[in-house]
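Tertiary structure, described
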Amino acid sequence: MTKIAFIGLGNMGSGMCANLVRAGHDVRAFDLNAEAVAAAVASGAVAAQTVAEAVARAEVVITMLPAGQHVLSVYFGPDGVAAHAAEGTLFLDCSTISVDDARQAARQAEAAGFAMVDAPVSGGVAGAAAGTLTFMVGGPEVDFSRARPLLEIMGTNVFHAGAAGNGQVAKIANNMLLGISMIGTCEAFNLAERLGLDAQTFFDIASTASGQCWAMTSYCPAPGPVPTAPSNRDFEAGFAVAMMLKDLNLARAAAAEAGADIPLGGRAGEIYAGLEADGYAGLDFSGVMRRISGDI
Ligand code: NAD
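Since this is a predicted model, take the numbers as computed values, not measurements.

1. With respect to the state of the cysteines
- One pass over the structure, following the stated rule, counts 0 disulfides.
- In this structure Cys-94 is a free cysteine whose sulfur lies 12 Å from that of Cys-17, the closest cysteine sulfur available.
- In this structure Cys-94 comes out as buried when scored by relative accessible area, which is 1%.
- The closest cysteine sulfur to the non-disulfide-bonded Cys-213 is located on Cys-220, 9.1 Å from its own sulfur.
- Judged by its relative accessible area of 18%, Cys-213 falls in the buried class.

2. Here's the deal with the domain arrangement of the chain
- Partitioning the chain into domains gives domain 1 (3–163) and domain 2 (169–292).
- Taking only C-alpha atoms into account, the centre of domain 1 sits 29 Å from that of domain 2.
- Facing 12 residues of domain 1, the contacting portion of domain 2 comprises 8 residues.
- Summed over the shared surface of domain 1 and domain 2, the number is 0 salt bridges.
- Counting across the interface, domain 1 meets domain 2 through 3 residue pairs in polar contact (both at pLDDT 80 or more).
- Broken down by element, the side of domain 1 that touches domain 2 gets its largest block of residues, 3 residues, from helix α6 (residues 99–111).

3. Here's the deal with empty space enclosed by the protein
- Counting across every chain of the model gives 1 cavity of 30 Å³ or more.
- Taken as a whole, the largest cavity spans an internal volume of roughly 40 Å³.
- Lining the largest cavity, in full, are Asp-93, Ile-97, Ala-102, Ala-105, Ala-106, Met-116, Val-117 and Asp-118.
- Breaking the lining of the largest cavity down by element, the ones donating at least two residues are α6 and β6 (115–118).
- By residue class, the composition of the lining of the largest cavity is 6 nonpolar, no polar and 2 charged.

Here is what the cut-offs are and how they apply
- Residues numbered from 1 in each chain as written.
- Predicted model: local features only at pLDDT ≥ 70, side-chain atom pairs only at ≥ 80, totals over all residues.
- Heavy atoms only, no water.
- Disulfide = S-S within 2.5 Å.
- Buried < 20%, exposed > 50% of the residue type's maximum accessible area, 1.4 Å probe, protein only.
- Domains from an automatic or database assignment.
- Contact = heavy atoms within 4.5 Å.
- Salt bridge = Lys/Arg side-chain N within 4 Å of Asp/Glu carboxyl O.
- Polar contact = N/O pair within 3.5 Å; in protein donor to acceptor, adjacent residues only side chain to side chain.
- Helix = DSSP H or I, 4+ residues; strand = E, 2+ residues; numbered from the N terminus.
- 1 Å grid on protein atoms, 1.4 Å probe; cavity = no way out; pocket = protein on both sides within 12 Å on 5 of 7 lines; lining within 4 Å.
- Points joined across faces, edges and corners; volume = space filled by probe spheres on them.
- Nonpolar A, V, L, I, M, F, W, Y, C, P; charged D, E, K, R; others polar.

Printed below as a string of structure tokens:
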């Protein structure tokens, strides 16, 4: 049994925290939102009133926070995790944040006598609740090995991507590809339909031909061929436009820093930014089909 502090009990963190409790770990839960803490208590965690209280006895601190500024302030701000945790505590940040912020956090943690890994996830809210997330982990091998047993409770696939920040690299590069391939899939289905080819027939052909991709076969943005896809329920999210845009913005900033050319990633970001600006932040990201087809 590991003594864990879990900070950030939102859509993702609540399910992850519950799975750790279910596996028999001693979890102290903290969130700025009292209702989120109450829900964690209902699933068996112990409530903490402050960060200090959450981390006082912790061997591992897990965070699942909205963005980089929250992660840096929760760990290293006044009265934050680093001010109260015991030396050698493992910091395990599962939030999606910039590569730079993740590397800065790892440096600060190391300088203060802590171990830290970045472990962003894919798999969404359903994966968090079911314990089937994919984790992409950046940090030293020895710290990855410490984190692994806990990550295997919360997920089914756990990858060591290399040094600090590389988990975030894997996450944003993957999601940039997903954004691009989703828009490409929408364009292909829309073009086929305009030219008289129905979605199911095109799916049957393209899903076994060279255009095949996950956006098509698991999450088809044209209603019909994949019954579980959000396209069959009015593009209810799922993985919202705002979340995809967040990841594309992180990819764009990281690419600028690294001098990597991402013409399609940049264009995908503009398309999703347009949807958000027009009030569609909450639409599932496959709802970009509605824009490509001229419906919105
Ligand atoms: P969320 O907004 O539902 O949850 C974030 C939680 O953090 C909230 O409960 C909030 O009250 C809490 N919080 C914020 N600042 C805090 C602070 N200073 N101290 C304590 N608690 C604080 O967000 P989410 O959907 O759970 O996403 C969390 C992270 O996971 C994000 O980085 C997101 O990009 C990433 N992610 C989300 C999904 C998804 O489908 N929702 C999928 C993959 C990755």
